[in-house]
Amino acid sequence: MSRIGRMPIAIPAGVTVDLAENNKVTVKGPKGTLERVLPSEMEIKVEGAEVTVSRPNDLKKMKSLHGLTRTLIYNMVVGVTDGYEKTLEINGVGYRAQKQGKKLVLSLGYSHPVEMEDPEGLETTVEGNLIKVKGIDKEKVGQYAAEIRTKRAPEPYKGKGIKYSDEVIRRKVGKTGKK
């Protein structure tokens, strides 16, 4: 059995989980509502204050979908209760970020400022050289943070660029002069 897929998901107070046909799961909580259509082969049951996921047989595909389905539901439950947050850090002389309404304006050493519109359901805040991306959908938060990072990925010599706050950049030694 899948060790992750087997574990039941506890539904906290104030959260409702609804199942529609074709395995469409709707999770409502204090922070908002998330919907997702999950693989139709998986059997999802809502019993009392917990959700369980079971698989029909032991084919390789079913085993892989089992843990995935459970994790997706769990991420939805955590999203509507606590929400998700990714923190990015800007390093480099003259590199900075500012918010203008729903726009994130980045100065990253290009000849023009890079402007990014906040996607629906996500919110970005700027504190000094930190950019925080917050939202209830884990996938969208991670995707938008990755898009911000690609505007100027960190380089290995001086470490300039945009990196995740918990990311470690492997540094390289620069050129050495003539002897």
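Calculation notes
Counting restarts for each chain: residues are numbered from 1 in the order of the written sequence. Where totals are concerned, whole chains, interfaces and linings use all residues; where local detail is concerned, this predicted model gives features only for residues with pLDDT of at least 70, and gives and counts side-chain atom pairs only at 80 or more. For the side-chain quantities, the full set of heavy atoms in the structure was used; hydrogens and water were omitted. The numbering of helices and of strands both runs from the N terminus, where a helix is a DSSP run of H or I of at least 4 residues and a strand a run of E of at least 2. We take the radius of gyration over the C-alpha atoms and set the globule estimate at 2.2 Å times the residue count to the 0.38 power. For each residue, the accessible area found with a 1.4 Å probe, counting protein chains only, is set against the maximum for its type, and the residue is called buried under 20%, exposed over 50%, and partly exposed in between. For this analysis, residues touch if any pair of their heavy atoms sits within 4.5 Å. Residue-level accessible areas treat just the shown protein chains as cover; the underlying method is Shrake-Rupley with a 1.4 Å probe. Positive charges come from Lys and Arg alone, negative charges from Asp and Glu alone, with His and the N- and C-terminal ends not counted. We put the charge of a Lys on NZ, of an Arg on CZ, of an Asp on CG and of a Glu on CD. Here, expected helix span is obtained from the residue count minus one, scaled by 1.5 Å. Any N or O atom pair separated by 3.5 Å or less is treated as a polar contact, with the protein-specific requirement of one donor-capable and one acceptor-capable atom, and with residues adjacent in sequence counted only for side-chain atom pairs. A pairing counts as a salt bridge when a side-chain nitrogen of Lys or Arg comes within 4 Å of a carboxyl oxygen of Asp or Glu. Here a strand pair is declared whenever DSSP counts at least two bridges between the two strands. Axes here mean lines fitted to C-alpha atoms, for a helix over just the part in contact, with angles spanning 0 to 180 degrees between N-to-C directions.

Novice: How should I be thinking about the overall build of the protein chain in this particular structure?
Specialist: Counting its regular elements, the protein chain contains 3 helices and 13 strands. The globule rule puts the C-alpha radius of gyration for 179 residues at 16 Å, and the 21 Å found for the protein chain is more than 25% above it. By the burial criterion, 36% of the 179 residues in the protein chain qualify as buried. Considering only residue pairs separated by 6 or more positions, the protein chain has 50% of its internal contacts joining residues 24 or more positions apart. Surface exposure of the protein chain reaches about 11100 Å², of which carbon and sulfur atoms provide 50%. Distance from the positive charge centre (33 side chains) to the negative charge centre (23 side chains) of the protein chain: 11 Å.

Novice: What's the story with helix α3 (residues 138–150) in this structure? I'm lost.
Specialist: The α-helix advances 3.6 residues per turn, and as a result positions three or four apart in sequence lie on the same side. Over its 13 residues, α3 extends 19 Å from the first C-alpha to the last, a length consistent with the 18 Å expected when each residue adds 1.5 Å. Those residues of α3 that are buried are in contact with β7 (84–91), β9 (103–107), β10 (114–117), β11 (122–127), β12 (130–135) and β13 (161–164). Looking at where α3 begins, the residue whose side-chain oxygen comes 3.1 Å from the main-chain nitrogen of glutamate 139 is aspartate 137.

Novice: Mind showing me how you'd approach the side chain of glutamate 89 here?
Specialist: For glutamate 89, the location among the structural elements is in strand β7. Buried and unpaired, glutamate 89 has no salt bridge, with lysine 163 as the nearest side chain of opposite charge at 4.0 Å.

Novice: Got a minute to help me understand the pairing of β11 in this structure?
Specialist: The two faces of a sheet get side chains in turn, since along a regular strand they alternate between them. Here 6 bridges tie β11 to β12, and the two strands are oriented antiparallel to one another. Bridged to leucine 122 within β12 is glycine 135.

Novice: Explain the sheet that holds β13 to me, please; I cannot follow it from the model alone.
Specialist: Backbone-to-backbone hydrogen bonds join strands into a sheet, with any given pair of strands oriented parallel or antiparallel. With antiparallel pairing, 4 strands are arranged side by side in an open sheet as β11-β12-β7-β13. Only two strands of the sheet have a single partner each, and these edge strands are β11 and β13. On average, each strand axis in the sheet is tilted by 25° relative to the strand beside it, whichever way the strands run. Sheet contacts for α3: β7, β11, β12 and β13; angle to β7, the most-contacted strand, approximately 10°.

Novice: How do you make sense of the environment of glutamate 89 when you look at a structure like this?
Specialist: Between the alpha carbons of glutamate 89 and glycine 29 there is a distance of 30 Å; along the sequence they are 60 residues apart. Ignoring sequence-local partners within four residues, the contact set of glutamate 89 consists of Asn129, Leu130, Gly161, Ile162, Lys163 and Ser165.

Novice: Even after reading the chapter, I still don't get the environment of proline 12, so can you show me in this structure?
Specialist: Inspection of the secondary structure puts proline 12 in the loop between β1 (9–10) and β2 (16–20). Relative accessible area serves as the criterion here: at 31%, proline 12 is assigned to the partly exposed category. Proline 12 sits 153 residues away from serine 165 along the chain, and the two C-alpha atoms are 30 Å apart.

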